[in-house]
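Structure at a glance
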Amino acid sequence: MPHRTLSDSGVVSHRRSLLDSINSPINLRALPESLLPEVASELRGFLVECVSQTGGHLAAGLGVVELTIGLHYVFDTPHDRLIWDVGHQAYPHKILTGRRDRMISMRQKDGLSGFPKRCESEYDSFGVGHSSTSISAALGMALAAKQRGERRTVIAVIGDGALGAGMAFEALNHAGSMDIDLVVILNDNEMSISPPVGAISNHLSRLLSGKIYTSMREGSKNALAGMPQLRHLVGRWEEHVKGMLMPSTLFEELGFNYIGPIDGHDMASMIKTLRNIKEMPGQRLLHVVTRKGRGYEPAEGQPTTYHGVTPFNRQTGELRKGTAKGPTYTQIFGGWLCDAAAADKRLVGITPAMCEGSGLTAFSKRFPDRYFDVGIAEQHAVTLAAGMACEGLKPVVAIYSSFLQRAYDQLVHDVCLQNLDVTFAVDRGGLVGPDGATHAGSFDLSFCRPIPNLLILAPSDENECRRMLKTAYEYEGPAMVRYPRGGGPGVTIDSDAPALPIGRGEIVRTGQRIALLAFGSLVAPALTAAETLNATVANMRFVKPLDEALIRDLARDHDILVTLEENAIAGGAGSGVAEFLSSQGLVVRCLHLGLPDRYIDHAEHAEQLAMCGLDAPGIIASVQAELG
Ligand SMILES: Cc1ncc(C[n+]2csc(CCOP(=O)(O)OP(=O)(O)O)c2C)c(N)n1
Ligand SMILES: CC(=O)[C@@H](O)[C@H](O)COP(=O)(O)O
Ligand SMILES: [Mg+2]
């Protein structure tokens, strides 16, 4: 379906005389430097207009308008490689690299991805979405260029939040030990999604507020203010003096030439500094100070709220409300966490930098001493919980399914092998809609199911989600409840409902010949499909341990068992059912429905389910095709 064009959507209203002339960085580089501030103004206004129509990530992109212009103006992209860490801030980059007129399709089916993607543009040097990969990838590209005798500069742009992840330091540690043409640009806006945490953030703040450096800098600027022809001496003098007086930065200790901090919104200074940086040899790190949400008052004032937004009213900043019928699964988790914490002082809540997204805001305010935001550090979050559990606390780790992928060994080796009492609230299980393949929780049932000692539950509705959280928390060992992004079928929640019997599913509809064994979010479409198929529906509830007695009965009484899950078919819950049947010598026809062996692109969640044949019509069609 052809996408709406900008004119259809009325987005062209903002003044864009210069921006209209920039169809690639080549046009940008043809402009006189004096016009770049106007480009920045038009780019910023256009970005707000587009995201107000499409939703998506806004505040981070607003903060890097000047940096984006400077990088494409000074460096020879795409020959010089540019990698954006996380990539949520890359909308200005997309606008300047030939995708201006497609921005209205952002994060929609067959539209632009919300993150840089190699197959989308030659200017997207590396696919991102998960944090803290940029320096590793950039170093890899720089070493490849060196190996092949190619002259090119590789630039990684990483935020202060992403810099706190272990992987970023693995890369800095490696890069700093060699002589390589690599530029790391630290985009320091003193924000993650939430305010930043950790000692790295404190170090950066000290660099920004360094008394000696700041006063000398102001002094030198004033002294030379009357002699503009000598102003360029300030930079050189600063470098010289700073090296003498400033305590060396962490980055210099790691072998990087540290430059900055510079004002990330001063276009002239940005261009001058980037030109200097371009000519410098070796690995260098430029510290750029920006403001998240810059230039759009609602986003500047509320950078957390405007980190990721639904479409909004550009004049007022008012965000469009969500369409969930009742509380989202995330909100149910947040409410349960507070209630459980009030009843049990041993409970502690841990999040790797996703406080708001995981529903911990209320908990963090009510129980600040029992709340731990560890920054973007999923591996650390899980093993921190293991250590706490060893000492009698009952940690609850709130973590997105796709980010849990980062902490797999910690889950296996530190928690489950030692059979420690840690509860995992795994949010965004299954497809996640507009964030697309990088953020889909497609694999957690497959990679968690083989782990001994781990209990795995998947709720079919909001009430069951709360009951499962209670069940998992009371279970004295590792347990995970995986639930989808957004809301459920809208059932009433009984906060006093008891825990569930471990390993027990339930027949929720009786039919003939066909049995649908549904896990979690697929119970609802299974029930709809069952009306047409006249099928039995079992809400399996537990992925591990499976309800073996129930499976045995269903196999005895039906001609075909159809397993359904919003997880990869490969190794998923359905595989578990097949393994059990085989181990018991039970011979019955089986059909396994779930996510296919490919990545599912961004679209609305309902569109994604339909693409995978996991909505009711798709289930019906698959079963009817199987039965012939
Ligand atoms: C591995 C991983 N964990 C968590 C996230 C969620 N996330 C996306 S952006 C972000 C904050 C990034 O902060 P920073 O690097 O400072 O970028 P800024 O938004 O400030 O520009 C987080 C936690 C992620 N994308 N990847
Ligand atoms: C860029 C990033 O990783 C986060 O902002 C993520 O997009 C949040 O996802 P939700 O919108 O599902 O909370
Ligand atoms: Mg930041």
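Residues numbered from 1 in each chain as written. Chains lettered and ligands numbered in written order. Predicted model: local features only at pLDDT ≥ 70, side-chain atom pairs only at ≥ 80, totals over all residues. Heavy atoms only, no water.

Identification of the protein as 1-deoxy-D-xylulose-5-phosphate synthase from Thiobaca trueperi is taken from an unreviewed UniProt entry. UniProt lists a comment for the protein under the heading Pathway (unreviewed entry), and it reads "Metabolic intermediate biosynthesis; 1-deoxy-D-xylulose 5-phosphate biosynthesis; 1-deoxy-D-xylulose 5-phosphate from D-glyceraldehyde 3-phosphate and pyruvate: step 1/1." (UniProt positions renumbered as here; feature names shortened; annotations may be inferred.)

Quick look at helix H8 (residues 166-175) now. Listing the buried residues of H8 in full gives Ala168, Ala171, Leu172 and Ala175. Projected down its long axis, H8 shows its buried positions confined to an angular sector of 100 degrees, all on one face. Pointing more than 90 degrees away from the buried face of H8 are the exposed residues Glu170 and Asn173. Next to the buried residues of H8 lie helix H7 (134-147), strand S3 (154-159), strand S4 (182-188), helix H12 (250-253) and strand S6 (283-289). (Buried < 20%, exposed > 50% of the residue type's maximum accessible area, 1.4 Å probe, protein only. Helix = DSSP H or I, 4+ residues; strand = E, 2+ residues; numbered from the N terminus. Arc of directions from axis to C-beta. Contact = heavy atoms within 4.5 Å.)

Looking now at the coordination of the magnesium ion (ligand 3). Distances from the magnesium ion (ligand 3) to its protein donors, Asp160 (OD), Asn189 (OD1) and Met191 (O), fall within 2.0 to 2.1 Å. We note that the donor set of the magnesium ion (ligand 3) lies within a single chain, spaced as D-x28-N-x1-M. Of the two residues, aspartate 160 sits in the loop between S3 and H8 while methionine 191 sits in the loop between S4 and helix H9 (199-208), which places them 31 residues apart along the sequence. Since its relative accessible area comes to 9%, aspartate 160 is described here as buried. (Donors = N, O, S within 2.8 Å, 3.2 Å for Na, K, Ca; no water.)

Within the largest apolar cluster, 52 residues are counted, with the highest numbers of intra-cluster contacts made by Leu28, Leu58, Ile69, Leu71 and Ile185. If one sorts the elements of this core by residue count, helix H3 (residues 36-54) sits on top with nine residues. When neighbours within four sequence positions are excluded, isoleucine 69 is seen to be in contact with Leu28, Leu36, Val39, Ala40, Leu43, Leu96 and Met267. Listed in part, the 50 residues of the second largest apolar core include Met354, Leu404, Phe424 and Leu546. (Core = buried A, V, L, I, M, F, W, Y, C linked by side-chain atoms within 4.5 Å.)

Our focus in this paragraph is the domain arrangement of the protein. What the domain assignment reports for the protein is domain 1 (18-195 + 245-301), domain 2 (330-482) and domain 3 (506-627). The distance between the C-alpha centroids of domain 1 and domain 3 comes to 44 Å. Between domain 1 and domain 3, the residue contacts involve seven residues of the former and five residues of the latter. For the pairing of domain 1 and domain 3, the buried interface totals around 440 Å² over both sides, and the portion due to carbon and sulfur atoms is 54%. On the domain 1 side of the contact with domain 3, Arg107, Lys109 and Lys117 bury the most area, a combined 77% of that side's loss. Taken together, domain 1 and domain 3 are joined by one salt bridge. Residues lysine 117 and aspartate 601 are paired through a salt bridge, measuring 2.9 Å at the closest nitrogen-oxygen approach. The interface formed by domain 1 and domain 3 includes four residue pairs in polar contact (both at pLDDT 80 or more). A breakdown of the residues in the side of domain 1 that touches domain 3 according to their chemical character gives one nonpolar, three polar and three charged. (Domains from an automatic or database assignment. Buried area = accessible area lost by both parts, 1.4 Å probe. Salt bridge = Lys/Arg side-chain N within 4 Å of Asp/Glu carboxyl O. Polar contact = N/O pair within 3.5 Å; in protein donor to acceptor, adjacent residues only side chain to side chain. Nonpolar A, V, L, I, M, F, W, Y, C, P; charged D, E, K, R; others polar.)

Take the sheet that holds S3 next. One open sheet accounts for five strands, arranged S2-S3-S4-S6-S5; its pairing is parallel. Either end of the sheet is taken by a strand with one partner, and the two such strands are strand S2 (81-84) and strand S5 (257-263). For this sheet, the mean angle separating the axes of adjacent strands, direction not counted, is 20 degrees. Along the sheet, helix H5 (residues 65-74) contacts S2, S3 and S4; its crossing angle with S2, the most-contacted strand, is approximately 160 degrees. (Pairing = 2+ DSSP bridges. Axes fitted to C-alpha atoms, helices over the stretch in contact; angles between N-to-C directions.)

So, about the side chain of arginine 100. Mapping arginine 100 onto the fold places it in the loop between helix H6 (91-99) and H7. The class for arginine 100 is buried, based on a relative accessible area of 7%. A distance of 3.1 Å separates the side chain of arginine 100 from the side chain of asparagine 23, its partner in a polar contact.

Every one of the 23 residues lining ligand 1 counts as a neighbour, but His88, Gly161, Asn189, Lys292 and Glu378 are closest to it. Within the backbone of serine 131, an N or O atom sits 2.9 Å from a nitrogen atom of ligand 1. Here alanine 162 contributes a backbone N or O atom positioned 2.8 Å from an oxygen atom of ligand 1. A total of 590 Å² of accessible area belongs to ligand 1 in isolation, and the protein chains cover 98% of it. Of the residues assigned to the shell around ligand 1, the class counts are nine nonpolar, ten polar and four charged. Here the shell around ligand 1 gathers at least three residues from each of two domains, domain 1 (18-195 + 245-301) and domain 2 (330-482). (Near = heavy atom within 4 Å. Areas by Shrake-Rupley, 256 points an atom, 1.4 Å probe, with all protein chains shown as cover.)

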